[in-house]
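Structure at a glance
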Amino acid sequence: MLKSLFIAVIIIISTIGSVSVSSDTPPTKKQDFISRISHCYTGFYEANDSKVTIPIEMVLGISIHESAWGKSRFAVEGYNYFGLRTTAEDTKHYMTPKGAPNVKVAKFERPCGSVHFFLNLISTDPRYSKLYSYISQVRPVDIEEALGYMDIYYQDPAWPKKVLKIIKGLDY
């Protein structure tokens, strides 16, 4: 009886194809990127007593958009997943975009450097006061509205919609 059941299961599997379980599937490069940013995000909040917790979806969406899933030159060479700029004078702390020699994009020594800097920036810098005021007072946070409070961060008027589209497509 048991042997017959085993044979039946083998026949069913061979007929319908292999069965995959999501936890058994190897991580994709996108999953690796999400894990890296999420790890840095968690580390920031474990190490800092922050009055405002920026939603992880926002951090993921912005980093994905700004770094092309961690593939941009700034992400690869300088761990800058957010396109953060700097006023540093020492060239080991910045990179310049091709075709824009006067722009200085911050370079970080560790993978979590830009994530921690970004979280601190948008949680404490007065230029983002509308954002962190909104996030600290509203539950649940409307991500689209929150992105609208970041107008100092972007120049492209379509930026919030682009980031929101990424966020809506996340599966983590």
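Right above here is the structure, for reference.
Our subject in this report is the structure included herewith. Numbering of residues starts from 1 in each chain and follows the order in which that chain's sequence is written. Where totals are concerned, whole chains, interfaces and linings use all residues; where local detail is concerned, this predicted model gives features only for residues with pLDDT of at least 70, and gives and counts side-chain atom pairs only at 80 or more. Based on all heavy atoms of the structure, the side-chain values leave hydrogens and waters out of the count.

This next bit is on the side chain of Ser63. A run of H or I in DSSP becomes a helix once it reaches four residues, and a run of E becomes a strand once it reaches two; helices and strands are each numbered from the N terminus. Position of Ser63 relative to the elements: it lies in helix H3 (residues 56-67). Only protein chains enter the accessibility calculation, which uses a 1.4 Å probe. A residue is then buried if its area is under 20% of the maximum for its type, exposed if over 50%, and partly exposed in between. Judged by its relative accessible area of 0%, Ser63 falls in the buried class. Throughout, a residue-residue contact means that at least one pair of heavy atoms, one from each residue, lies within 4.5 Å. Setting aside residues no more than four positions away along its own chain, Ser63 makes contact with Phe33, Ile37, Ala68, Tyr81 and Phe82.

With that settled, the discussion passes to the packing of aromatic side chains. In this description, a pair of aromatic rings is defined by centroid distance and the angle of the planes. Two rings from Phe, Tyr or Trp (for Trp, the six-membered ring) form a pair when their centres sit within 6.5 Å of each other. Planes less than 30 degrees apart are called stacked, planes more than 60 degrees apart edge-to-face, and all others tilted. Per the counting criterion, the structure on display carries 10 aromatic pairs. Ring geometry for Tyr154 and Trp159: centres 4.8 Å apart, planes at 15 degrees, overall stacked. Considered together, Tyr154 and Trp159 belong to a single accessibility category, that of buried residues. The structure contains a cluster of three or more aromatic residues connected by ring pairs, namely Phe82, Phe118, Tyr153, Tyr154 and Trp159.

Here the focus is the pattern of salt bridges. Just to be clear on terms, a salt bridge is a Lys or Arg side-chain nitrogen sitting within 4 Å of an Asp or Glu carboxyl oxygen. Under the defined criterion, the tally for this structure stands at five salt bridges. As a salt-bridge pair, Asp156 and Lys162 come within 2.6 Å of each other at their nearest N and O atoms. The exposure class of Asp156 is partly exposed, given its relative accessible area of 30%. According to the relative accessible area criterion, Lys162 is partly exposed, its value standing at 39%.

Checked against the element boundaries, Ser72 lands in the loop between H3 and helix H4 (73-78). When its relative accessible area of 17% is taken as the criterion, Ser72 is described as buried. When neighbours within four sequence positions are excluded, Ser72 is seen to be in contact with Glu66, Ser67 and Asn80.

We now examine helix H6 (residues 129-137). If you check which residues of H6 are buried, you get Leu131, Tyr132, Tyr134 and Ile135. Down the axis of H6, the buried side of the element spans an arc of 160 degrees, and every buried residue falls inside it. Structural note: H6 exposes Lys130 and Gln137 on the side pointing more than 90 degrees away from its buried face. Residues of H6 that are buried in the fold lie against H3, helix H5 (113-124) and helix H7 (143-148). By construction, the arc corresponds to the directions joining the helix axis to the C-beta atoms.

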